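The primary structure of each chain is shown beneath.
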Amino acid sequence: MTAPAGPHPRHELDELLTHAVRFSVVAALSGVERAEFALVRDTVEVSDSVLSKQVALLEGAGYVEVEKGKVGRRPRTWLSLTADGEQAFTRHLAALRAIASLAVAQPAEES
Amino acid sequence: MTNEISPEAARAALASAATTREAVQAEGRWMATYMLSFGLGFGAAALLLGLIENFWLRMGLFLAIWITFVLVMVRWASTRLASARTQARRVAGWWVGTSVLFAVVLFLGTDRFQGQLSYWLPAAALIAAPLVIGGLLERRK
């Protein structure tokens, strides 16, 4: 068996984005300038409280920006990905692609 | 997801990210409709201003219809749930194009060609063209 050429690509995964909901939130925001809280909640299929909690963590890490405003009399919360968040997501995706391209390990021969 | 993620799990995560991204992006593709509506609106406004000969009637009708139209469109845009990336920068030229043509056509045609369909019909099409073309291009993105 030959040793791998470098460190396993899992080391390149972003710790914060290894959480499924946070990963989905960042994926949802990655293709738009900004998106409304309710749209992200419905797309990611989580409750308001779960999304609030995960967005707070992403905001704390500087990955997501939260902007509150009003449309008419309705309060609105807009979420957007920061430059740091975008970079982290890009690195995380690259690591996932590297892992996805790894050959499935062959089971050891039974003696 | 854990640090011991398998290749299969990584592939599933990538596929899920692509689906989620696309779903939200789809909500941000409203600018095409907005541009097409304004393109046709500017063209119709030019026709109204050029074909009605009575000054007070055309100004009254123009202001009433245009203000209502703009308010409805702005309200509609403000209720969209996502905005596409670099949208403002990408579409600014089309908006400037229609606005400048609107001003030029009105400057050249008002009074001189008042009520003449042969001037105002092609002029209206010319005014609408930048936003309609921009809207159609935006829709294809």
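Before reading further, recall that the structure is shown in the block above.
Remember, it's a predicted structure, so these values are computed and weren't measured experimentally.

Novice: Before we move on, could you go through the environment of B:W120 and cite the residues and values that matter?
Specialist: All names here are of chain B. Structurally, W120 can be placed in helix α5 (residues 117-140). When the C-alpha atoms of W120 and A46 are compared, they prove to be 7.1 Å apart, with 74 residues separating the residues in sequence. Filtering out sequence-adjacent residues up to four positions away, W120 remains in contact with A46, L47, G50, L51, V105, L106, G109, T110, F113, Q114 and G115.

Novice: So, the nonpolar core: which residues are in play, and what are the values?
Specialist: A:V25, A:L29, A:A35, A:V40, A:V64, A:F89 and A:L96 are the most contacted members of the largest nonpolar core, which totals 37 residues. Mapped onto this core, the elements with two or more residues apiece are α1 (20-29), β1 (32-36), α2 (37-44), α3 (48-60), β3 (74-81) and α4 (83-100) of chain A together with α1 (7-27) of chain B. Residues in contact with A:L29, not counting those within four places in the same chain, are A:A35, A:V40, A:V64, A:L79, A:S80, A:L81 and B:R85. Among the nonpolar cores identified, the runner-up in size contains 25 residues, and B:M35, B:A46, B:F62 and B:W95 belong to it.

Novice: Just give me the short version of the packing of aromatic side chains, but keep the residues and values in it.
Specialist: All names here are of chain B. As enumerated under the stated definition, the model contains 17 aromatic pairs over all chains in all. Taking the centre distance of 5.0 Å and the plane angle of 65 degrees together, the rings of F38 and F69 count as edge-to-face. Of this pair, F38 sits in helix α2 (residues 31-51) while F69 sits in helix α3 (residues 55-78), placing them 31 residues apart in sequence. Of the residues examined, F69 reaches a relative accessible area of 22% and is grouped as partly exposed. When the ring of F42 is compared with that of F102, the centres are 5.2 Å apart and the planes differ by 70 degrees; the resulting orientation is edge-to-face.

Conventions adopted
- Residues numbered from 1 in each chain as written.
- Chains lettered and ligands numbered in written order.
- Predicted model: local features only at pLDDT ≥ 70, side-chain atom pairs only at ≥ 80, totals over all residues.
- Heavy atoms only, no water.
- Helix = DSSP H or I, 4+ residues; strand = E, 2+ residues; numbered from the N terminus.
- Contact = heavy atoms within 4.5 Å.
- Core = buried A, V, L, I, M, F, W, Y, C linked by side-chain atoms within 4.5 Å.
- Buried < 20%, exposed > 50% of the residue type's maximum accessible area, 1.4 Å probe, protein only.
- Phe/Tyr/Trp six-rings, centres within 6.5 Å; stacked < 30°, edge-to-face > 60°.

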